[in-house]
Amino acid sequence: MTLTTAETRTKTDEARPRVLIEDWLPAAAIGVECIRERSTGQQPPDKRLHVWWARRPLTVSRAAVLGSLVPADFPRDVFERLLGFNGSSEEILRAQERLDWARQTGTRVPNPHGQRAFRRPLRTDDLERAHEAVRRQWNGPVSVIDPMAGGGSIPLESARLGFHTLANEYNPVACSILEATVDYPFRFGPKLAERARYWGAKLRKRFVARMERFYPKTGTVPPHCYIFARTVPCPDTSHPTPLVPDWHLLKPASHSGCGSSCLFAVPVVDKARGVWRVQIRRFGHGAGEVSSAPRPTYDDGKGISLFTGLQIPSEYIKAKAQAGEMKSALYAVALKTPQGLEFRPPEAADLRALEEAERELARLWPGWEKANVIPTELYPEISSDERPRLYGMPRWADMFSSRQLLAMGILVEELRKLRSEIVKEEGEELGAAVEHLLALAIDKQGNHNCSSTRWENTRGVVKGKMDRHDYAFKSSFAEMATCNSGGGLDWAIDNVIEAYEELSRLPQSPHPAAAELTLGTATNLPQYDDKSLTAVVVDPPYADNVQYSELADFFYVWLKRTQGHHHPEWFSTYLCEHDQEAVVNVSRFREDQKSGKKKGSAKEAREKAQAFYQGLMTEVFKEAHRVLRDDGVLTVMFTHKKQEAWTSLFTSLIDAGFTITATWPVKTESEHSLHQAKKNAAQSTVILVARKRRPNAGLGYFNAAMITEIRDRARATAERLKGEGLNAVDQLVGAFGPAMTVFSRYDEVRTDTGEPVGVDQAIDEAADAVSAWRIEQLAARGLDGVEPEGQFALLCWDVLGAAEFRFNEASLLGKAVGMDVDRLIAAGLVAKKGENVRMLSARERRREKPLENAEVMETLFGSVPVAKRGTKAEALRIHPNDPRFRTALDACQALALRYVEAHGGSGGIGSARALARQQGWTKDSPVARLMEALVIAAPPGVRHDQGEKSTAARFPEFRAWHALLQPLFGITPLDWTEQPPLQAAIPALEAQLAVEDQADDDTENEDEDEGEED
Ligand SMILES: C[S@@+](CC[C@H](N)C(=O)[O-])C[C@H]1O[C@@H](n2cnc3c(N)ncnc32)[C@H](O)[C@@H]1O
C-alpha cells in the first residue's frame, strides 16, 4: 500500500505555512489503531468512565490535533511515534494484512502490533521536537479548542500531548464527564483513585447496611441478579400475564437452534387459580428436559396471554401501562456458582423482599420528594421518543422498579450524608473530585439497574439501559443484586474508579496541563477573543444520529441531585437545555398540538429541523472563524454517509468563510462484517481540514474547467484511497472533500448564466466521477448497451459489497448511474426494508411461468414484453425460458437460473449455452460484458459456498456466472482463489489479538458505554 500526499492543495492557500495534516496523514494506519482501540476486549478508559454517545477513538483524535499544529515538513517517523505506532505506517498496515488473513483463515499468528497506540509511552525527545516545531510554526504558544467536546477524546489527547487545551460543551452531563476526563487526571493523578476507593468503600458499607435485607440469600449462594417480566391483565381472564420475548436464560452466542447448552424458564400455568410460575429446564430429549423453546409471549409490541393463548394487541398493552396496570413479576433468579451461572425460580423470601422494598420506598417517598432525592420530573412532552409515556412511565423515577429506585435513592441520600466527611478529610478540591467520581458510579448503577436493562442470555450478563441509544420499552428486564461483593454497587464503583485510574496513568507529556472546561453553546464563545486561538478541532453532532440531550436527561436527573451543589450553574434547569443543541430533532418542529395551531406536515417539520441544524452549524463555524487566528486551522471530524449530511456540512463551512484544504477518511470500524456480504456496516470518520478563505474570494463559475477539476480530483482521490485500503463507499465519500476544495475557494459559485450553484451539484459531480471510474475498473470493455439497472447492481456489489445496505447509500449510487432507487424498487430489483435496501437474488425474481404470448406494454421503463394476463409486477420478473429479456441484467440472471436449475456442471453449462445461442448473446454483447464485470465485482462473501444460511447460498448466480464465462463467451474469469498475504506463514504461537490488554474484566455487567453513530 502506498501513502501519498493529499492532492487537495488549493492555489489560494500557498502563502500560508501548511500544517502536516494538509499534506500527509497515515490515515490507513490510524484506522488500524482506531479499530484496535475497540476490538481488544476492553474499551479505552475514557469510554468506560461514563456513557456518552458517538465518542471518537483516541488515536484519530490525537492525529487530528497534532497534525493540525505541526508543520508540513515535520518528520513523519516522529509523528508516527507520537501517535503511538509500533513501527512505521507501512509496517502497521502489513501487520494488519497478516492478521486479517489469519482471522479469515482461522490461522493463529503472534500479535504483531503490541500495545495499543493510545497506551504506548511517549518519548520525551519526540514531544520536545513537536513542541519546538509548533512554536516555530506559530511564532509562540498555541491554544487548541474543541467547542463541542462531548466525552472529551479530542481535548484529552491534546492535553496529554501538553498543548494548551480548551474544551467547551453544551450539555451539562457531558461537562460532568469532561471534568473527570480532561481535568482531574491532570490535576490529581492516580491519588484521586486511591481516595475515591476509600470513600467508595464507606459509601457501599452504609448502602449495604440499609439495603441488604431486601436481597435475601435463601441457599448457600447469594442471588447474582433477578430477571423480571412486565405483566398486563389478560384481556379475557384479567390474570396478570407476562410479556416475555425470549424464555431462554442461557443460549450460546452462535445460536441457530437449541442445543444442550440452552437453558429456559418454562412457564407453567395454573388456569384455575389464575397464576403462573416457571420451571428451569435444559434443552434436550431426556427426563426433565424440554425439546423446544417455550413460545415467546411478547413480540413486535404484541403479547400472547399465557391463560388463553390469544394475542394481546399492542394498543391494549399501552393502555394498561398508562392506566398503571402494568406490573412486573420476578420469574428467575441467577446465581453465580463456582460451576458457572445457575438459575432458580423465585422463592417466597424473594417475593417478600420485593414487597418490603416497595413498602420501604412508600415510607421514604414523601421525605425524599421534599429533599429532592428521587427524580420526579416529568418525561418531556416534546421528544423524538414517546415510548416512556406510552408505556406508563411519565416521570423519570418510573423508569425504575420499586427496589431499584429504593437503591438509587438510598445511594443519593448516603452520598449527601458523606459529603461533609469527605471534604473535611480530603479538602474542598480533592473532596469534590472524590464525590464526583462516586456520583458517576451512581449513574453507572442507574444505567445497569433500571427497568430498561436487558438480560443478555448469550453471555449471562446485564446489559445497561444505554445499550440502546433510545428509550425502547423492555418487556423483560434484569435487576442486579446491588449489595453483592464484586457485583452491583461494588462493581459500579470499582468500574468507574478503575477507568479513572487508567486515565490518570495514560502516558502523557512531562508538562501536561488540565484542559480548561466551559459549558455553553459553540455558537457563542465570548470567553475567547477574536483571532486568539491556533486550532479548532471539532467532532460535531451528525444531524439526527444521536439526540444527546434527550438521552442525557436520564443521567441529568440524578447528577442534578448528586452534583448540583458542585456546579449549580450546570444543573439548575428542569432537564437538559436543548434550544441551542445542534441536532436534527423533528419533534421540536411539529406544531404545538395543545396550542390548537394546525399541525404542520411531517415533511415541513423535517425541513425546519434540518434548516435549524444547518443554521446552527453555520453559526458554530462562524464562531470558530472569529476565534481562530487568520492563519489558524479548523479540523472537523465527520462520520456520515448521507449525501445530505455532507451537503449541509460543506454549505455551513463555506457560508462561515472557510475553504477546505484536505480530507482524510479514516476507517474506524472493522470491515469484518463485509466479508459476510450480508450488511454493509463498515464506517469511517472523515477528517476535514479547513482554513479561513481569503477575503473577497469572489465569484467562481461552475463551468467546464471547474467541473473537470472537481471530477479529476474526486477520481484521483478515490484511486489513492483505494490504494490505502479504504472500502469503496469510503473512497466515494472521501472524494467529496477534494471536490469541495475546488468549490469552496469562492464566496459564491454560479453557472455561466448566473444561476446559483449549490454544494450538492459539486458533490454529484464527484460521486459521478468516482462511479464512472469504478465502472471502468470493472468493465475494461465498457458497458455500452447495459441499462442503468445493470450498472446500478454492479456498483452496489462493487461499492457496497453487500446484499443489504442503507437506502441513502443506494441513492448515492443510483444518482451516479441516473437511476432513482424508488424506480429500482418498482422494478423489483431491490426491496426496501425499513432504512435498508435489500438486493433481490435471481431466485427471488423468478416468475413461476415463462411469458408465452408476449405483448408490449408501457411501463416505467418503456416497452416491456408482458403475458396477456400478467400484471406489471409479474412482467418485470424473469423466467429462464422467457422468449425475450428486458435488460442485460435480466439476461444474466436468466442464464444463472438455467445453470443452477440444471444443477451446474456440464448440464448447467449446456442449458445456459442453449439460451445464449437462442438469444444471440455473444462475447461482445452487453450481457457478456455485464456478466464479466459482475464476476469482478463479486464480494468475497458470495464467491464460495459458505453453508445454507450464507449470502453465498442466496446468490448462487455469482458462482454460476463465474462458471459460465469461459464456456459461453470464451472469457477467462477472475481467479477467485484467496491468496495469503506475504509473510503470512508465521509460526503459530498465540492469539491474534492484543496481548498487552487483558480480556474484559467487566464480567459483572456489560459496559459498552457507547456506540458509533450512523
Ligand atoms: C459527536 S459528539 C462529540 C463526541 C466527542 N468527540 C467524543 O469523542 O466524545 C458532539 C457533541 O456536540 C455537543 N453539542 C451539540 N450542540 C452543541 C452546541 N450548540 N454547542 C456545543 N456543543 C454542542 C453534543 O452535546 C455532543 O456532545
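Our structure's up above, just so we're on the same page.
So, a few notes on the structure that sits alongside this text.

Definitions and cut-offs
- Residues numbered from 1 in each chain as written.
- Predicted model: local features only at pLDDT ≥ 70, side-chain atom pairs only at ≥ 80, totals over all residues.
- Heavy atoms only, no water.
- Salt bridge = Lys/Arg side-chain N within 4 Å of Asp/Glu carboxyl O.
- Buried < 20%, exposed > 50% of the residue type's maximum accessible area, 1.4 Å probe, protein only.
- Helix = DSSP H or I, 4+ residues; strand = E, 2+ residues; numbered from the N terminus.
- Near = heavy atom within 4 Å.
- Polar contact = N/O pair within 3.5 Å; in protein donor to acceptor, adjacent residues only side chain to side chain.
- Areas by Shrake-Rupley, 256 points an atom, 1.4 Å probe, with all protein chains shown as cover.
- Nonpolar A, V, L, I, M, F, W, Y, C, P; charged D, E, K, R; others polar.
- Pairing = 2+ DSSP bridges.
- Axes fitted to C-alpha atoms, helices over the stretch in contact; angles between N-to-C directions.
- Contact = heavy atoms within 4.5 Å.
- Parallel < 35°, antiparallel > 145°, perpendicular 65-115°, else oblique.
- Left-handed = near helix turned anticlockwise from the far one by under 90°.
- Core = buried A, V, L, I, M, F, W, Y, C linked by side-chain atoms within 4.5 Å.

## Overview of the pattern of salt bridges
Throughout the structure, instances matching the rule amount to 70 salt bridges. Residue Arg-344 is joined to Asp-350 by a salt bridge in which the shortest nitrogen-to-oxygen separation is 2.6 Å. For the pair shown, Arg-344 and Asp-350 are each scored as buried. For the salt bridge of Asp-882 with Arg-847, the shortest nitrogen-to-oxygen distance reads 3.0 Å. Residue Asp-882 is located in the loop between α29 (872–875) and α30 (888–901), and its partner Arg-847 is located in the loop between α28 (842–845) and β26 (855–859); the two are separated by 35 residues in the primary sequence. Connected through shared salt-bridge partners, Asp-77, Arg-81, Arg-123, Asp-125 and Asp-126 make up one network.

## As for the site of the ligand
By nearness alone, 26 residues border the ligand, and Arg-56, Ser-153, Glu-169, Asp-539 and Gln-580 come closest of all. With respect to the ligand, the side chain of Ser-153 contributes an N or O atom lying 2.4 Å from an oxygen atom. Expressed as a share of its isolated accessible area of 600 Å², the protein-covered part of the ligand is 100%. Tallied by class, the residues present in the shell around the ligand amount to twelve nonpolar, eight polar and six charged.

## Quick look at the sheet that holds strand β24 (residues 830–833)
Strand order in the open sheet formed by three strands is β23-β25-β24, with antiparallel pairing between adjacent strands. Here the strands that pair on one side only, and so sit at the sheet edges, are β23 (804–806) and β24. Pairwise comparison of adjacent strand axes, ignoring direction, gives a mean angle of 30 degrees for this sheet. Pairing analysis gives four bridges linking β24 to strand β25 (residues 836–839), with the strands arranged antiparallel. Following the sheet pairing, Lys-832 is matched in β25 by Val-837.

## Remarks on the side chain of Ser-648
Inspection of the secondary structure assignment puts Ser-648 in helix α19 (residues 643–655). Setting aside residues up to four positions removed in sequence, Ser-648 forms contacts with Gln-610, Tyr-613 and Gln-614.

## What about the packing of helix α2 (residues 27–39) against helix α6 (residues 89–105)?
Any two packed helices are characterised by the angle at which their axes cross and by the distance between the axes. Contact pair α2 / α6: the axes reach a minimum separation of 9 Å and the direction vectors enclose 55 degrees. The angle between the axes of α2 and α6 places the two elements in the oblique class. Two packed elements cross with a definite hand, and for α2 against α6 that hand is left-handed. For the pair formed by α2 and α6, the contact residues are Ala-28, Ala-29, Val-32 and Glu-33 on the first element and Ser-89, Ile-92, Leu-93 and Gln-96 on the second. Residue classes in the contact of α2 with α6 are distributed as five nonpolar, two polar and one charged.

## As for the packing of α19 against helix α23 (residues 736–743)
Close contact between α19 and α23 brings their axes to 12 Å; oriented N to C, the two are set at 30 degrees. With respect to their mutual orientation, α19 and α23 come out roughly parallel. Between α19 and α23 lies a crossing of right-handed hand. Every residue of α23 that contacts α19 at Trp-646, Phe-650 and Ile-654 is listed here: Phe-736, Gly-737, Met-740 and Phe-743. Broken down by class, the residue content of the contact of α19 with α23 amounts to six nonpolar, one polar and no charged.

## What to know about the nonpolar core
If you look at the biggest cluster of nonpolar residues, it comprises 123 residues, and the most contacted ones within it are Phe-621, Leu-634, Trp-646, Phe-743 and Leu-895. Broken down by element, the residue count for this core peaks at ten residues, all from helix α24 (residues 759–778). In this structure, Phe-207, Trp-368, Leu-489 and Phe-554 belong to the second largest nonpolar core, which totals 108 residues.

## Quick notes on helix α8 (residues 153–160)
For α8, the tally of buried residues reaches eight of eight residues, placing the bulk of the element in the interior. Buried within α8 we find Ser-153, Ile-154, Pro-155, Leu-156, Glu-157, Ser-158, Ala-159 and Arg-160. One or two positions beyond α8, positive phi appears at Gly-162, with a value near 90 degrees.

## Observations regarding the environment of Thr-482
Relative to the elements of secondary structure, Thr-482 occurs in the loop between β15 (476–480) and α16 (488–505). A residue is classified by how much of its surface remains accessible, and Thr-482, at 0% relative accessible area, is buried. Sequence separation between Thr-482 and Glu-212 is 270 residues; the distance between their C-alpha atoms is 8.4 Å. If sequence neighbours within four positions are ignored, Thr-482 has contacts with Phe-207, Tyr-215, Ala-407, Gln-445, Asn-449, Gly-487, Gly-488, Leu-489 and Asp-490. At 2.7 Å, the side chain of Thr-482 forms a polar contact with the side chain of Tyr-215.

All quantities given are derived from atomic positions and should not be read as evidence of function.
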